[in-house]
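Fold and contact review
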Amino acid sequence: MTSRLRPAVLYTALIVLALVTILPFIWVISGSLRTTSDIQANPGAWLPSEVTLDNFARLFSRNGFSTFLGNSVIVAIVIVIGNIIAASMAGFALAKLEFRGKRIAFAAVLIALMVPFSATFVPQFVVTVQLGLVDTLAGIALPSLVLPISIFIMRQFAASIPDELLEAARIDGANEVRIFFQIFLPLAGPAVATVTIMSFLASWNNFIWPLIVAQSADSYTLPVGLAAMSQAAQNVTDYGLVLAGAVIVMLPVLVLFLFLQRYFVQGIVSTGLK
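These lines cover the structure that appears in this document, whether it is placed above or below. Note that the coordinates shown come from a computational prediction; the quantities given were computed from them, not determined experimentally. The numbering scheme is per chain: residues are counted from 1 as the chain's sequence reads. Only residues with pLDDT of 70 or above have their local features reported here, since the model is predicted, and side-chain atom pairs are shown and tallied only from 80 upward, although totals for entire chains, interfaces and linings are computed over all residues. In computing side-chain properties, one takes all heavy atoms of the structure into account and sets aside hydrogens as well as water.

1. Remarks on the pattern of salt bridges
Any Lys or Arg side-chain nitrogen located within 4 Å of an Asp or Glu carboxyl oxygen qualifies as a salt bridge. Enumeration over the complete set of coordinates arrives at six salt bridges. Of the charged contacts, one joins R58 and D54 as a salt bridge, the two residues approaching to 3.1 Å between their closest N and O atoms. Residue R58 and its partner D54 are both found in helix α3 (residues 54-61); the two are separated by four residues, about one turn of the helix. A 1.4 Å probe rolled over the protein chains alone gives each residue an accessible area, and that area as a share of the maximum for its type sets the label: buried under 20%, exposed over 50%, partly exposed in between. Accessibility expressed as a relative area gives 22% for R58, which makes it partly exposed. Here R170 ties to E176 by a salt bridge, and the two come within 2.7 Å at their closest N and O atoms. Classification of R170 by relative accessible area gives partly exposed; the value is 24%. Residues participating in the shared-partner salt-bridge network are E167, R170 and E176. The helix and strand labels rest on DSSP assignments: H or I over at least four residues marks a helix, E over at least two residues marks a strand, and numbering proceeds from the N terminus.

Structural data, given as structure tokens:
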């Protein structure tokens, strides 16, 4: 294969993969602009026979939608902030500080990464019940407040910072708190962006845990609320409403990624994640 042909094949393959990835999103957006009867008559159509915003109007006019949206925003903000603060401190300590049990603590983080959610679901729910946090936003946010993957990302980034830089700060009289806030955090922008996106996704798209913990509509997050709202009379799914809700759920994720994608890629590269 010639040197000129190789880039053309690579770009063609990337374009094909991008199209395959984006086609479901195009269908969802197109479906959200169609009537329910149009969707049921021709589910596979890519373009609406008649463009309508009625699905979005009905969605925003439904009782409880603003509550579901507000709950999701609150839970997501709490989880993102919790992961940034706790994971950055834990990651810095595991990478740059010496203390007894350091290897055991890091091994525990790695083990937690390998344990599936289904194995910890029951213990988490029992703890939530004992703390009296069932049917509360705090109960929904608590298990994801510090994710093992966030600690791992921050630890890997902290390990890439030269020790000489920190030693120079210590020689100048800086303590560990000052080093953390004035040296490590300003350099950790890519890792923080990666943690922000991943923890936001873990919160925003979570369905099973909020479904179990939230016992009333007042505590529903957006995915759970949309699932409850999508059932029309005689338990027939209102597909137009579902697709409009899917678009609303996707938008914050896309906007966040577009703003942080450059830092996200840098964070992935610097932490060695694949």
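2. Structural notes on a nonpolar patch on the surface
Like-charged residues are merged into a patch within 9 Å and nonpolar side chains (Val, Leu, Ile, Met, Phe, Trp, Tyr) within 5 Å, provided each residue has over 30% relative accessible area and no salt bridge. Working definition of accessibility: Shrake-Rupley area with a 1.4 Å probe, residue cover restricted to the visible protein chains. A cluster of nonpolar side chains, namely I15, L19, I22, L23, F25, I26, W46 and L47, defines an oily patch on the protein surface of about 770 Å² accessible area. One can find I26 in helix α1 (residues 5-32).

3. Overview of the nonpolar core
Residues L59, F65 and L222 are the most contacted members of the largest nonpolar core, which totals 29 residues. In this analysis, two residues are considered to be in contact whenever any of their non-hydrogen atoms come within 4.5 Å of each other. Apart from the residues lying within four places of it in its own chain, the contact partners of F65 are L59, F60, L222, L226, M229 and I248. By size, the runner-up hydrophobic cluster in this structure holds 23 residues, among which are F92, V109, F180 and A191. For the purposes of this section, nonpolar cores are sets of buried Ala, Val, Leu, Ile, Met, Phe, Trp, Tyr and Cys residues that join through side-chain atoms within 4.5 Å.

4. Considering unusual backbone geometry
Most peptide bonds are trans, and most residues other than glycine sit at a negative phi. We note that D135 has phi near 65 degrees; this positive angle belongs to a residue other than glycine. Its place among the elements puts D135 in the loop between α6 (117-130) and α7 (137-141). The class for D135 is partly exposed, based on a relative accessible area of 25%.

5. Re the packing of aromatic side chains
A pair of aromatic rings is counted whenever rings of Phe, Tyr or Trp (Trp by its six-membered ring) have centres within 6.5 Å, and the orientation is called stacked for planes under 30 degrees apart, edge-to-face for over 60 and tilted otherwise. One pass over the structure, following the stated rule, counts 11 aromatic pairs. Aromatic pair F92 and F184: ring centres 5.2 Å apart, planes at 45 degrees, arrangement tilted. With F92 in helix α4 (residues 65-96) and F184 in helix α10 (residues 176-187), the pair connects residues that are 92 residues apart, well separated along the chain. Looking at F184, the relative accessible area reads 1%, which means it is buried.

6. A closer look at the packing of helix α5 (residues 102-114) against helix α8 (residues 148-159)
Between the N-to-C directions of two axes lies an angle of 0 to 180 degrees, each axis being a line fitted to C-alpha atoms and, for a helix, fitted only over the stretch in contact. Between α5 and α8, the least distance of the axes is 9 Å, while the angle of their chain directions is 130 degrees. By the angle class used here, α5 and α8 are oblique. Pair α5 / α8 crosses with left-handed handedness. Of the residues in α8, those touching α5 at F106, V109, L110, A112 and L113 are P148, I149, I151, F152, R155 and Q156. Throughout this entry, Asp, Glu, Lys and Arg are counted as charged residues, while Ala, Val, Leu, Ile, Met, Phe, Trp, Tyr, Cys and Pro are counted as nonpolar. The remaining residues, Gly among them, count as polar. For the contact of α5 with α8, a count of residues per class yields nine nonpolar, one polar and one charged. Orientation categories follow fixed angle ranges, with anything under 35 degrees roughly parallel, anything over 145 roughly antiparallel, 65 to 115 roughly perpendicular, and all other angles oblique. Rotating anticlockwise by less than a right angle from the far helix to the near helix defines a left-handed crossing, while the corresponding clockwise rotation defines a right-handed one.

7. Details of helix α11 (residues 189-204)
One less than the number of residues in a helix, times 1.5 Å, gives the span that helix is expected to have. Compared with an ideal rise of 1.5 Å per residue, which puts 16 residues at 22 Å, α11 spans 22 Å between its outermost C-alpha atoms and is within 8% of the ideal. Listed in full, the buried residues belonging to α11 are P190, A191, A193, T194, V195, T196, I197, S199, F200, S203 and W204.

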